[in-house]
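Tertiary structure, described
If you want the building blocks of each chain, they are given just below.
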Amino acid sequence: MDWGNVTAEDLIDALREVDWSSPPRPLPEFFSRFTVPRSYAKWNSRLKCNLYYYRTNYFIMIVAILGLGFLRRPVAILAAMLTALSIAFLNDSFSGTFSEKVTRTVRQFSPHLAAKMRPPLTLVIRGRPSAKRAIHICGRPRWVFVFVFSSVSFILWYVSCGLLTVLWALAIALLATILHASFRTPNLKARLNTFREEFRAVWRNYSEL
């Protein structure tokens with residue numbers, strides 16, 4: 001896959017749709033080999049490849065750096081967790097898994113309430129959905145959860161007086177992510193993983209025909 005031809009919008013869509021439940025890459029592999037890219041095209045391709053391949057590692061690293069910045073601010077730690085959760089809701093796989101687990105737990109106590117938490121049915125015409133299926137969490141549109149969690153986290157940031165601290169911590173975390181993705185040499189596993197994801201995408205589009 002030529003990552004140089006992948007736009008930032010395509011990368012964001014891929015990160016939103018891909019399954020994030022996979023465990024992070026091992027630390028020896030994560031910190032294995034670093035080289036300076038020879039050109040801007042090489043750097044651009046390497047950056048996108050590493051952001052996609054090490055996505056779970058980067059997410060954990062960003063959350064850890066934010067957490068270290070608020071060891072003495074419990075409210076800010078809660079705000080960071082809610083912020084991370086609101087961002088995770090933007091991923092289709094995480095939203096579906098979260099909704100399924102919550103609904104399954106509620107079903108043990110109240111089957112009637114669990115039935116109301118099911119996502120609405122999508123009209124199917126000639127074997128194809130009439131419109132792109134919107135993501136629902138516990139029977140509600142996804143944007144409702146993203147809005148609520150983001151609003152609560154913003155209020156907690158304001159109450160904890162840690163907004164400036166989170167900006168510094170977030171800047172450090174993003175800088176560390178960009179530096180690692182820029183100088184980490186893509187390995188054979190990353191390339192094979194890319195080809196596997198391409199095959200899954202092609203097979204998924206074929207199965208929808």
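Cut-offs applied
Residues numbered from 1 in each chain as written. Predicted model: local features only at pLDDT ≥ 70, side-chain atom pairs only at ≥ 80, totals over all residues. Heavy atoms only, no water. Helix = DSSP H or I, 4+ residues; strand = E, 2+ residues; numbered from the N terminus. Contact = heavy atoms within 4.5 Å. Areas by Shrake-Rupley, 256 points an atom, 1.4 Å probe, with all protein chains shown as cover. Core = buried A, V, L, I, M, F, W, Y, C linked by side-chain atoms within 4.5 Å. Buried < 20%, exposed > 50% of the residue type's maximum accessible area, 1.4 Å probe, protein only. pLDDT = per-residue confidence, 0-100. UniProt positions renumbered as here; feature names shortened; annotations may be inferred. Salt bridge = Lys/Arg side-chain N within 4 Å of Asp/Glu carboxyl O. Axes fitted to C-alpha atoms, helices over the stretch in contact; angles between N-to-C directions. Parallel < 35°, antiparallel > 145°, perpendicular 65-115°, else oblique. Left-handed = near helix turned anticlockwise from the far one by under 90°. Expected span 1.5 Å × (residues − 1). Polar contact = N/O pair within 3.5 Å; in protein donor to acceptor, adjacent residues only side chain to side chain.

**Quick word on the overall build of the protein**
Helix and strand counts for the protein stand at 10 helices and four strands. Going from the N terminus to the C terminus, the protein shows its helices and strands as α-α-α-α-α-α-α-β-β-β-β-α-α-α. Within the protein, contacts between residues separated by at least 24 positions form 80% of all contacts whose residues are at least 6 apart in sequence. Split by element, the accessible area of the protein, about 14100 Å² in all, is 68% carbon and sulfur.

**Quick word on the nonpolar core**
In this structure, Ile 62, Leu 66, Phe 70, Ala 76, Ala 79, Ala 80, Leu 82, Leu 156, Trp 157, Val 166, Ala 169 and Ala 173 together form the largest nonpolar core, which totals 12 residues. The set of elements that each furnish at least two residues to this core consists of α4 (55–68), α5 (74–88), α8 (142–160) and α9 (163–183). No other element matches α5, which puts four residues into this core. Ignoring anything within four residues of it in the chain, the contact list for Ala 169 reads Ile 65 and Leu 66.

**Considerations on the confidence of the model for the protein**
Overall, the prediction assigns the protein a mean pLDDT of 77, with 77% of residues at 70 or greater. Every residue in residues 202–209 is under pLDDT 50, and counting partners more than four places away or in other chains gives two contacts.

**Examining the UniProt feature "transmembrane region" (unreviewed entry) in the protein**
Here the UniProt feature "transmembrane region" (unreviewed entry) sits at residues 52–70, 76–94, 143–160 and 166–183. Annotation note: span residues 143–160, helix share 100%, strand share 0%, distance between end C-alpha atoms 25 Å. Across residues 166–183, the secondary structure splits into 100% helix and 0% strand, with the terminal C-alpha atoms separated by 26 Å.

**Let's talk about the pattern of salt bridges**
In total, this model carries two salt bridges according to the counting rule given. With its nearest N and O atoms 2.7 Å apart, the salt bridge here joins Arg 142 to Asp 92. Of the two residues, Arg 142 is situated in helix α8 and Asp 92 in helix α6 (residues 92–109); the sequence distance between them amounts to 50 residues.

**Points about the packing of α4 against α9**
The N-to-C vectors of α4 and α9 enclose an angle of 150°; their axes lie 9 Å apart at closest approach. Accordingly, the angle class assigned to the pair α4 and α9 is roughly antiparallel. For α4 against α9, the interelement crossing comes out right-handed. Facing α4, whose interface residues are Tyr 58, Met 61, Ile 62, Ile 65 and Leu 66, α9 presents Val 166, Ala 169, Leu 170, Ile 172, Ala 173, Leu 174, Ala 176, Thr 177, His 180 and Ala 181.

**Section: the environment of Phe 145**
Tracing the backbone through its elements, the reader meets Phe 145 in helix α8. Apart from residues lying up to four places away in sequence, Phe 145 is in contact with Phe 89, Ile 137, Cys 138 and Arg 140.

**Observations concerning α6**
With 18 residues, α6 should cover 26 Å at 1.5 Å per step; its first-to-last C-alpha distance of 27 Å lies within 8% of that length. By the burial criterion, the buried members of α6 are Asp 92, Ser 93, Ser 95, Ser 99, Thr 103 and Val 106.

**Re the side chain of Asn 57**
Its place among the elements puts Asn 57 in helix α4. Of note is the side chain of Asn 57, whose polar atom sits 2.8 Å from the backbone nitrogen of Arg 25. The contacts of Asn 57, once residues within four sequence positions are left out, are Pro 24, Arg 25 and Phe 30.

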